[in-house]
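Residues per chain, in single letters:
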Amino acid sequence: MGATVRIAEFVAKSRWEEFPQEAIAQAKRAIQDSIGVTLAGSVEPPARIIQRIAEAEGGAPLCTLLGTRVKTGGVWAALANGTAGHALDFDDTNFAMMGHPSVPVLSAALAAGELALANGRALLHAFLLGFEVETALGEVVHPVQYERGFHATGTLGTLGAAVAAAKLLELDTAQTQHALAIAASQASGLKENFGTMTKPLHAGHAARSGLLSALLARDGFTASATAIEGPQGYLKVLGSRADDPTATLERLGSPWKILSSGVAVKPYPSCACTHSIIDAVLELREAHRLLPETVREITVGVTHMVPKILIHHDPRTGLEGKFSAEFCAAAALVDGQVGIATFTDAKTADPRIRAAMGKVSVVVDPSIPGDLEHHMWTRVTATLADGKRDEIPPREVQGHPVVPLSRERLLAKFLDCAELALPKERAESAAEMLDSLEGCPDLRSLTAILRP
C-alpha cells in the first residue's frame, strides 16, 4: 500500500477511542495557545490586509475570522486565521516537523468545523490526526527538504490541514486520498521569505489549501493515488531522506507524535532558533548585572543549520528582527526582556540596540549536536569589559516538551494575547471553554466568543 492511500486509510478509519487522555490534553494545550496567538496576530498588518480582502471577496458568511466581526467563506477564513496565527511568530513548533504544526491544521479545522456544524470533540480528533500526519512526514523529509529552502510550515502544514479538514467533513478513504493528493500539489513555502509578511502567509496558505483540497475531494475532484510517494510526487520533488516512507507511516499513532516529539510552546514571539539565545543572554544579564557598556562581546555558537534560518544580520524591520540572532541578543541585553513590543521597526532602529548588535558575533559550533531534536541549541559566551568570561552551554529552552510551560504560564500567555483583540471577559470565557473543549456541543458557540 502506497503512502498516499495508507495515510488516507489511517485518517478515515480513525476513532476517538484510540486517543490516550494525555494526547487529548496536549492537543487542548496546543489549541488554546494557537487561538491565543491568532487573536494577537489578528491585529497585525499581514492579517489586516487579508481580512480586508476576505471581507470583500469572500463567499457565504459561514466561518469566523478570529478577533474580528467578519464572517466569510471557509477557504478565506482558513487563509486569514492561518496568517494571523503565524503573524507574530509566536505559535508553537515541533522539532520533527521543523516548523509550526498547530496553526495551519487548526485554522483549516476551525473553518471545516464551522461548515460541518461540528462539536469540540470532532475538532480535537481532526487536530490530532493532522498533527500526526504532518509530523510523521516531517521525519521522512527532514533535513533534506528544509535544507533545500522549503518552509515546512507551508509544505507539511498543507497536508496536515487537508487531513484535519477531511476528517471534519467526513470524507471516506477514497475522498481523503484525493484530498491529500490535491494538497500535495499546493504544498509550498520558501525560507527566503523569512522576515517578511509572506512567512505568516505560508501558514495561511497551508490552511486554505488543505481545506480547499478536502472540499474539492468531497465533491468528486480527483488526483493521483501516488501523489506523495510517486516518481514525480511530493517526496521526490521537495526532497526526503527516503523515497519510500512505509516504515514511518506504519507507525502512525504508535505512539502519537504529539506525545513523542511533542509541542514546543513559545515564550517569545520570534523564530524558535532565537529562544536559547534570548534565554542565555537574559540569564547572563541577571547573573552579572550586565549593561551594554560592561560587555565587550557576546559570541553565539550555533549548529550548521541555523545560519540558513536566522538570515537577517542587519535587520531594519521588526519582522526581520525575529530572524536575527544579533538583534535578539542585543534586545535582551539592552531591555532585559523580550516580548511583542520588542519586534517593531522602531526597536530595530533603537541606537542602543544597534550599538549592542555590533558586539554580537555568530559562529558555527561543531560541538553542538546537529540532529533535528537539538538543532536549535546554542552556546552563548559573554566577554566582559574587564576580560572576564561566562558561558551558557547548549541546553533545552523553556517551552520545549521536556521543559514545558506551566499551566499558569500558558494561561497567562493566552490571556495576554487574546486581550489584544477581545475584551477581558471574553478572553476569560474563551479560556474556560477551551479548557473543556471536548464537551463543546457546537464550535459556533466557541467562535462566537472569539469575536470582539
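What you are looking at is a predicted structure, and each value in this text was computed from that prediction instead of being measured.

S.K.: Can you help me understand the nonpolar core in this one?
M.R.: The nonpolar side chains of a soluble globular protein tend to be buried with one another. Counting residues in hydrophobic clusters, the biggest one holds 141 residues, and the most contacted among them are Ile-7, Ile-35, Phe-127, Leu-211, Tyr-234 and Ile-258. It is helix H6 (residues 120–141) that provides the largest number of residues to this core, a total of 12 residues. The residues touching Tyr-234, leaving out its near neighbours within four places in the chain, are Val-141, Gln-145, Thr-155, Leu-156, Leu-159, Ala-184, Ala-187, Ala-227, Ile-228 and Gly-239. Counting 5 residues, the second-largest nonpolar core is a separate cluster that includes Ala-40, Leu-88, Phe-90 and Cys-417.

S.K.: Would you mind going over the packing of helix H5 (residues 102–116) against helix H8 (residues 152–168) with me for this structure?
M.R.: Packed helices, taken two at a time, are described by the angle their axes make and the gap between the axes. Following both chains from N to C, one finds H5 and H8 inclined at 25°, their axes separated by 8 Å at the closest point. Put simply, H5 runs roughly parallel to H8. Here H5 and H8 pass one another in a crossing that is right-handed. Packed against H5, whose contacting residues are Pro-104, Val-105, Ala-108, Ala-109, Ala-112, Gly-113 and Ala-116, the element H8 presents Thr-153, Gly-157, Gly-160, Ala-161, Ala-164, Ala-165 and Leu-168 at the interface. Here the contact of H5 with H8 is built from residues that sort into 10 nonpolar, 4 polar and no charged.

S.K.: Explain the environment of Ala-431 to me, please; I cannot follow it from the model alone.
M.R.: Inspection of the secondary structure puts Ala-431 in helix H20 (residues 424–435). With a relative accessible area of 8%, Ala-431 lands in the buried category. Spatially, the C-alpha atom of Ala-431 lies 9.6 Å from that of Ile-35, the residues being 396 residues apart in sequence. For Ala-431, the contacting residues outside a window of four places in its chain are Gln-32, Leu-411 and Phe-414.

S.K.: What exactly am I supposed to notice about the packing of aromatic side chains here?
M.R.: Two numbers describe a pair of aromatic rings. These are the distance of the centres and the angle of the planes. In this structure the tally under the stated criterion is 6 aromatic pairs. On the basis of an interplanar angle of 45° and a centroid distance of 4.7 Å, the ring pair of Phe-19 and Trp-256 is categorised as tilted. Of this pair, Phe-19 sits in the loop between helix H1 (3–13) and helix H2 (21–41) while Trp-256 sits in the loop between helix H12 (246–249) and helix H13 (257–260), and the two are 237 residues apart along the sequence. With respect to class, Phe-19 is no different from Trp-256; both count as buried. Aromatic rings pair up to connect Phe-10, Trp-16, Phe-19 and Trp-256 into one cluster. The ring of Phe-194 has Lys-199 sitting right over it, with the charged end atom 4.9 Å from the ring centre. In this structure, Lys-413 is placed above the aromatic ring of Phe-90, and the distance from its NZ or CZ to the ring centre is 4.1 Å.

S.K.: Would you mind going over the sheet that holds strand S5 (residues 379–384) with me for this structure?
M.R.: To summarise the sheet geometry, strands pair through backbone hydrogen bonds and adopt either a parallel or an antiparallel arrangement. With respect to topology, 4 strands assemble into an open sheet ordered S4-S3-S5-S6, the strand pairing being mixed. Pairing within the sheet leaves two strands with one partner each, and these edge strands are strand S4 (360–364) and strand S6 (389–392). Strand-to-strand twist of the sheet, defined as the mean angle between neighbouring strand axes without regard to direction, takes the value 20°. As paired elements, strand S3 (residues 295–302) and S4 share 5 bridges and run parallel to each other. Bridging across to S4, Gly-301 finds its partner in Val-363. Along the sheet, helix H14 (residues 275–288) contacts S3, S5 and S6; its crossing angle with S6, the most-contacted strand, is approximately 140°. Set on the sheet, helix H16 (residues 325–335) makes contact with S3 and S4; between it and S4 the angle comes to about 135°.

S.K.: I tried to follow helix H10 (residues 198–218) on my own but got confused; where do I start?
M.R.: Structurally, the α-helix is built with 3.6 residues per turn, so residues lying three or four positions apart point the same way. Compared with an ideal rise of 1.5 Å per residue, which puts 21 residues at 30 Å, H10 spans 29 Å between its outermost C-alpha atoms and is within 8% of the ideal. Gly-220 occupies a position one or two residues after H10 and carries a positive phi of about 105°.

S.K.: Explanation requested: the environment of Gly-321 in the structure shown.
M.R.: Structurally, Gly-321 can be placed in helix H15 (residues 318–321). Sequence separation between Gly-321 and His-100 is 221 residues, and the spatial gap between their C-alpha atoms is 19 Å. What Gly-321 contacts, discounting residues up to four positions off in sequence, is Pro-315, Phe-327, Cys-328 and Phe-343.

S.K.: So what exactly am I meant to see when it comes to a nonpolar patch on the surface here?
M.R.: A contiguous nonpolar patch, built from Ile-49, Ile-53 and Met-197 and spanning about 230 Å² of accessible area, is present on the exposed surface. For Met-197, the position within the fold is in the loop between helix H9 (173–186) and H10.

S.K.: Help me understand H1, please; the structure alone is not making it clear to me.
M.R.: By the burial criterion, the buried members of H1 are Ala-3, Thr-4, Arg-6, Ile-7, Ala-8, Phe-10 and Val-11. Taken together, the buried residues of H1 touch H6, H8, H9 and H12.

Calculation criteria
- Residues numbered from 1 in each chain as written.
- Predicted model: local features only at pLDDT ≥ 70, side-chain atom pairs only at ≥ 80, totals over all residues.
- Heavy atoms only, no water.
- Core = buried A, V, L, I, M, F, W, Y, C linked by side-chain atoms within 4.5 Å.
- Buried < 20%, exposed > 50% of the residue type's maximum accessible area, 1.4 Å probe, protein only.
- Helix = DSSP H or I, 4+ residues; strand = E, 2+ residues; numbered from the N terminus.
- Contact = heavy atoms within 4.5 Å.
- Axes fitted to C-alpha atoms, helices over the stretch in contact; angles between N-to-C directions.
- Parallel < 35°, antiparallel > 145°, perpendicular 65-115°, else oblique.
- Left-handed = near helix turned anticlockwise from the far one by under 90°.
- Nonpolar A, V, L, I, M, F, W, Y, C, P; charged D, E, K, R; others polar.
- Phe/Tyr/Trp six-rings, centres within 6.5 Å; stacked < 30°, edge-to-face > 60°.
- Lys NZ or Arg CZ within 6 Å of the ring centre and 35° of its normal.
- Pairing = 2+ DSSP bridges.
- Expected span 1.5 Å × (residues − 1).
- Patch = residues over 30% accessible without salt bridge, like charges linked within 9 Å, V, L, I, M, F, W, Y side chains within 5 Å.
- Areas by Shrake-Rupley, 256 points an atom, 1.4 Å probe, with all protein chains shown as cover.
- Salt bridge = Lys/Arg side-chain N within 4 Å of Asp/Glu carboxyl O.

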